[in-house]
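Breakdown of the fold
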Amino acid sequence: MFLRSVVLNRRPLSPTLSHEGRGRLGSAGIRSGGFMLRFFSWGSIRPALRLTLVLSGVLLASFTAQAKPDAGQLSALASDDNDRKIGALQQIAASAESDALPILEALQNDALYTVDAKRVLILHENGEATDALTGETLAALPDTAEGVMINNRVRNALTLTLAAIRLSSDNAGMRLAAIETLRNTPEPELLPLLERALLKETDARVKNRIEITRAMIQLQGEDKTVRLRAIRILGETSDPANKQLLEALPVSDAKSSAELRAAAQQAIRDINLRLARGEIMGEVFSGLSLGSILLLAALGLAVTYGLMGVINMAHGELIMIGAYATYVTQMLVRQYAPDWFDWYPLLALPASFLTAALVGILLERLVIRHLYGRPLETLLATWGISLMLIQAVRTIFGAQNVAVENPAWLSGGIEIYSNLILPYNRIAILVFAAFVLFAVVLLLTRSRMGLFVRAVTQNRPMARCMGVATARVDALTFGLGAGIAGLAGCALSQIGNVGPELGQGYIVDSFMVVVLGGVGQIAGTVYAALGLGVLSKFIEGYAGAVLAKIAILLMIIVFIQKRPQGIFALKGRFADA
Amino acid sequence: MKRRSLIKSALSAAALSIMSLAFSPIQAAEDTIKVGILHSLSGTMAISETVLKDVALMAIDEINAKGGVLGKKLEPVVVDPASNWPLFAEKSRQLMTQDKVAVVFGCWTSVSRKSVLPVFEELNGLLFYPVQYEGEELSKNVFYTGAAPNQQAIPAVEYLISKEGGGAKRFVLLGTDYVYPRTTNKILRAFLKSKGVAEADILEEYTPFGHSDYQTIIARIKKFAAEGKKTAVISTINGDSNVPFYKELGNQGLKATDVPVVAFSVGEEELRGVDTKPLVGHLAAWNYFMSLKNPTNDAFKKQWAAYAKAKKLPGAAKPLTNDPMEATYIGIHLWAQAVEKAKSTDTDKVIAAVAGQSFAAPGGFTVQMDAKNHHLHKPVFVGEIRPDGQFNVVWKTSGPIKAQPWSPFIAGNDKKKDEPDGKSK
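In this text the structure is predicted, and so the values were computed from the model without any measurement. (Residues numbered from 1 in each chain as written. Chains lettered and ligands numbered in written order. Predicted model: local features only at pLDDT ≥ 70, side-chain atom pairs only at ≥ 80, totals over all residues. Heavy atoms only, no water.)

1. Concerning the overall build of chain B
In terms of regular secondary structure, chain B is built from 11 helices and 15 strands. Taken against the 2.2 N^0.38 rule, which gives 22 Å for 425 residues, the C-alpha radius of gyration of chain B at 23 Å falls within 12% of a compact globule. Split into buried and exposed, the 425 residues of chain B put 62% on the buried side. The long-range fraction of contacts in chain B, counting pairs at least 24 apart against all pairs at least 6 apart in sequence, stands at 69%. A total accessible area of about 15700 Å² is found for chain B, and carbon and sulfur atoms account for 57% of it. If you average the places of the 52 positive and of the 44 negative side-chain charges in chain B, the two averages end up 3 Å apart. (Helix = DSSP H or I, 4+ residues; strand = E, 2+ residues; numbered from the N terminus. Rg over C-alpha atoms; globule rule 2.2 N^0.38 Å. Buried < 20%, exposed > 50% of the residue type's maximum accessible area, 1.4 Å probe, protein only. Contact = heavy atoms within 4.5 Å. Areas by Shrake-Rupley, 256 points an atom, 1.4 Å probe, with all protein chains shown as cover. Lys, Arg positive; Asp, Glu negative; His and termini not counted. Charge placed at Lys NZ, Arg CZ, Asp CG, Glu CD.)

2. Observations concerning the confidence of the model for chain A
Put simply, chain A has an average pLDDT of 79, and 82% of its residues get 70 or more. Contacts for the low-pLDDT stretch residues 1-67 of chain A, under 50 throughout, to residues beyond four places or in other chains number 176 contacts. (pLDDT = per-residue confidence, 0-100.)

3. Some details on the side chain of B:Lys53
Residues and elements named next belong to chain B. Tracing the sequence through the fold places lysine 53 in helix H2 (residues 46-65). Exposure remark for lysine 53: the relative accessible area of 17% places this residue in the buried category. If sequence neighbours within four positions are ignored, lysine 53 has contacts with Ile37, His39, Leu41 and Val78.

4. Comments concerning the environment of B:Gly135
Residues and elements named next belong to chain B. Its place among the elements puts glycine 135 in the loop between strand S4 (127-129) and strand S5 (142-144). Since its relative accessible area comes to 0%, glycine 135 is described here as buried. It is 8.3 Å that separates the C-alpha atoms of glycine 135 and threonine 184, two residues lying 49 residues apart in sequence. Leave out the neighbours within four places in its chain, and glycine 135 touches Pro149 and Pro405.

5. Some remarks on a nonpolar patch on the surface
All names here are of chain A. Together, Met281, Ile414, Ile416 and Tyr424 give the surface a local cluster of nonpolar side chains, amounting to about 320 Å² of exposed area. Relative to the helices and strands, isoleucine 414 resides in strand S9 (residues 413-417). The exposure class of isoleucine 414 is partly exposed, given its relative accessible area of 37%. (Patch = residues over 30% accessible without salt bridge, like charges linked within 9 Å, V, L, I, M, F, W, Y side chains within 5 Å. Salt bridge = Lys/Arg side-chain N within 4 Å of Asp/Glu carboxyl O.)

6. Let's talk about the packing of helix H15 (residues 424-446) of chain A against helix H18 (residues 470-492) of chain A
Residues and elements named next belong to chain A. Relative to each other, H15 and H18 sit at 170°, their axes nearing to 11 Å. With respect to their mutual orientation, H15 and H18 come out roughly antiparallel. In this structure, H15 uses Ile429, Phe432, Val436, Val440 and Leu443 to contact H18, whose residues at the interface are Leu480, Ile484, Leu487 and Ala491. In terms of residue class, the contact of H15 with H18 is made up of 9 nonpolar, no polar and no charged. (Axes fitted to C-alpha atoms, helices over the stretch in contact; angles between N-to-C directions. Parallel < 35°, antiparallel > 145°, perpendicular 65-115°, else oblique. Nonpolar A, V, L, I, M, F, W, Y, C, P; charged D, E, K, R; others polar.)

7. Examining the pattern of salt bridges
Residues and elements named next belong to chain A. The final tally for this structure, using the stated rule, is 39 salt bridges over all chains. In this structure, the salt-bridge partner of glutamate 405 is arginine 334, at a minimum N-O distance of 3.2 Å. Residue glutamate 405 is found in the loop between helix H14 (375-397) and S9, and its partner arginine 334 is found in helix H12 (residues 315-336); the two are separated by 71 residues along the sequence. Among the residues examined, arginine 334 registers a relative accessible area of 34% and is labelled partly exposed.

8. Side note on the environment of B:Leu174
All names here are of chain B. With respect to the helices, strands and loops of the structure, leucine 174 is situated in strand S6 (residues 170-176). The class for leucine 174 is buried, based on a relative accessible area of 0%. Along the backbone, leucine 174 and isoleucine 218 are 44 residues apart, and their C-alpha atoms lie at a distance of 10 Å. The contact partners of leucine 174, leaving out residues within four places of it in the chain, are Glu205, Ile217, Ile221, Val233, Ile234, Ser235, Thr236, Ile237 and Phe245.

9. Quick word on the confidence of the model for chain B
Interpretation of the predicted coordinates at a detailed level should be avoided for regions scoring low in pLDDT. Residue and element names in this part refer to chain B. Overall, the prediction assigns chain B a mean pLDDT of 89, with 92% of residues at 70 or greater. Segment residues 19-29 is flagged for pLDDT under 50; beyond a separation of four residues in sequence, or across chains, it makes 2 contacts in the model. Two numbers describe this predicted complex: its pTM, 0.80, and its ipTM, 0.75.

10. Here we look at the nonpolar core
Of all hydrophobic cores here, the largest spans 100 residues; its most connected members are B:Phe245, B:Tyr246 and B:Trp335. At 10 residues, H2(B) tops the list of elements feeding residues into this core. Among all residues touching B:Trp335, those that are not within four sequence positions of it are B:Ile33, B:Val35, B:Leu74, B:Ala102, B:Val103, B:Phe105, B:Leu126, B:Phe128 and B:Val350. One finds A:Ala298, A:Ala485, A:Ala488 and A:Cys490 within the second-largest nonpolar core, a separate group that totals 67 residues. (Core = buried A, V, L, I, M, F, W, Y, C linked by side-chain atoms within 4.5 Å.)

11. Considering the interface of chain A and chain B
Across the contact, 50 residues belong to chain A and 53 residues belong to chain B. Taking both sides of the interface into account, the surface hidden between chain A and chain B amounts to around 4000 Å²; carbon and sulfur atoms contribute 43%. The tally of links from chain A across to chain B stands at 7 salt bridges. Between A:Arg153 and B:Glu164 there is a salt bridge; the shortest N-O distance is 2.0 Å. If you look at where chain A meets chain B, you find 15 residue pairs in polar contact (both at pLDDT 80 or more). Only helix H3 (82-96), helix H5 (152-166), helix H10 (240-247), helix H11 (254-307), strand S10 (420-423), H15, helix H20 (522-543) and helix H21 (545-562) of chain A provide two or more residues apiece to the side of chain A that touches chain B. In terms of residue count, H11(A) provides more of the side of chain A that touches chain B than any other element does, 5 residues in total. A class-by-class count of the residues in the side of chain A that touches chain B yields 18 nonpolar, 22 polar and 10 charged. (Buried area = accessible area lost by both parts, 1.4 Å probe. Polar contact = N/O pair within 3.5 Å; in protein donor to acceptor, adjacent residues only side chain to side chain.)

Spelled out as structure tokens, the structure:
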């Protein structure tokens, strides 16, 4: 059980707290009327920490003598014992008000250091350090400085303390994060703090969160109307934690119990509905996300295999080349324009398309061109080429995976329900897949080049008779398919590993999608990819990832047995050509 | 005429080169001792195993610089079994029968070790296995320098249950689908039951090797954790699947303060290339961390950084050390010491000499090979991920603890002997 206190500062705090009050650390007087927060670890229903908010008068007096963090507290802070550390933190926090913030933030960011377990230093980003005791600024950390370590238990307490202080910050985003943290510990002692914050709050979202947190606390109260209102507010949320609170609703008064129970039941039903909706939407989304990846991987193949009839076993390696092109672009951008690093994917997209398309055109001109109409030889030759490409990449970049970093705007996700967070990188890939699909369809159906492609694939001799340069069209079509594979590689590098064997994992899936969808049909590929994605995610939800993979393969085998031509079949005399 | 003489000379040249090839091992055997290195340099396990090959080569260079073993230089023979389990068996046979190596350092996954085990026993070879594993195995021909379950998994879970670790009451056992995660989870399930955790509070999930889509699994973990009680995830995911797993974990906002994830096969090397800022506070349990502060570790890190730079290794810009690297390093030194003691590279003599050998390890303790059970006595550390991808040690044992290859949490193990059978052979 640990205990800590902090004086809550009622003056608004600027978001750049870490520099505020650096110089007058420790010298600040005690503000009367500050509030004390105490945290206990609470083993039972909620695992987090219990807050006890106490008017500070009495307790503060006992700390007045220790307004400055003294040597004893600092050495306790530097000790390995978390209980001592928390005790010391509590005292420093209690006596220094918001001036403890730089220390707390430094502790959270691993920027708090000690020298010989006595002197406590705060390291700043520019390499300078400040003495927490004297405020003296050092040009650099001494060599003997050691970082003060915290574990999850200390981190939990620290986050809560910071949240309580930051609830009165100037920055709405910071207040939002603060109330999200406080929501984990709905203890009655928080009420005055929340009421005060609610009065001042202008941001609708923060206000809503504070009201929910307040309702979570008021639920345990005595007043029936307040409790009913609290139940109603909680019934509008989608948080499973609220559901548990409602389920465990304590009812002492027999008269009001029936009404309260009924309201709580209704609220639980509402939350359950929202949770179930979130769950299904989550499964559909992850299915669509997997489907969009399959679609990207298979779209290039739908062009080269579907339209041209080339069994290209090196298709996966073209994806891999696209991913490596992304990696190289990332490295170049980091080296020559680090400020623009977040936007490297915009450069990586054309780079991966062009690189893969170039390799594809070379492949077509040098090898595949001589093997048209001989599927078995094409298969063997392209398989050999795929091995060569893997080995080439292994020689150039090494056998180990390379690290492709997500730009900041592709990290994180958007929260729809509390149990449904849609990651940005997956949304981006979904949108990107739709865009590529749109572009390919447009190119094939609305452009002169697309007309030639369709003409050549439907009737090669006749197209040649009409003056179409079939050899050039072949090369360009193959290049297009390869380029799309390259784009897929660029997208895949954002969610998975980039290594020489990257393509091997997608070649089977790609063929599966194209064959299932019906050879020669872009629409079939789309349906097959999305269908397979959603289906395998639903099976995975019930049977696990290993069984899902097996089940999908079995289903495809059965389906192809019954309907060899796939979902969609090309009608016409030259379908088999 | 001219052409014929050309063919003739070509033939004789070929014959000469074949002869010289055939003789060279015998000549070499006189002044060098061959040492096999069997690690995947490609495929899904390359992310973890490649550096073990490099650190083995570094240790061999180090020993050679000090004059070698028995006055002979060590000659490394590196093969790539490509994360392909049957290929491990083939390559190990090749190392022992063709290259005639005195010892092999290698394997990461238990499935690869199980695959080479019959070969080593048949040919009476010697394998030093450097990775934590599930136990349930003792072979006279293998020395295990990684952790047994009681040196990693059990202490880590005890930490999670403790007050410091957050007092977890519900557990998700998540792993790659093969022998190590399955057996470890079997042991952990029995252990958790002995600690009073109900069956309904344990969720077990497996994914294939190289799995890259963790959306569904993270959603399930979230749902499981939302049903009340403090939840922790115990991850035995192996290989490069860890990168998409941790990326998804970060993107879905599952924080360590809510649901901590403790991993048994994720170290500094696996986190290279992952944005670790959203992962701060997630845990790993090992017998060594790069962030440990002691003179031996400082020297080890310096040596590795210099070696990586000199050999222009891919990660040389940010040299990282980790637990299996330390275990490989310890293994090679223990073997070299044993050969010096036995004054021979004969497998049986070396096996007898390895028992009881000790070595001042970079982990900060002098670790000792058990006199009987072929496992090291090792200290245990639990670390939390820092924003820079290193680990803060938040818990450790006071000293090395003895390995229990036969876990007491699996029925019937109490009757098994704590030493390999057929030792006297």
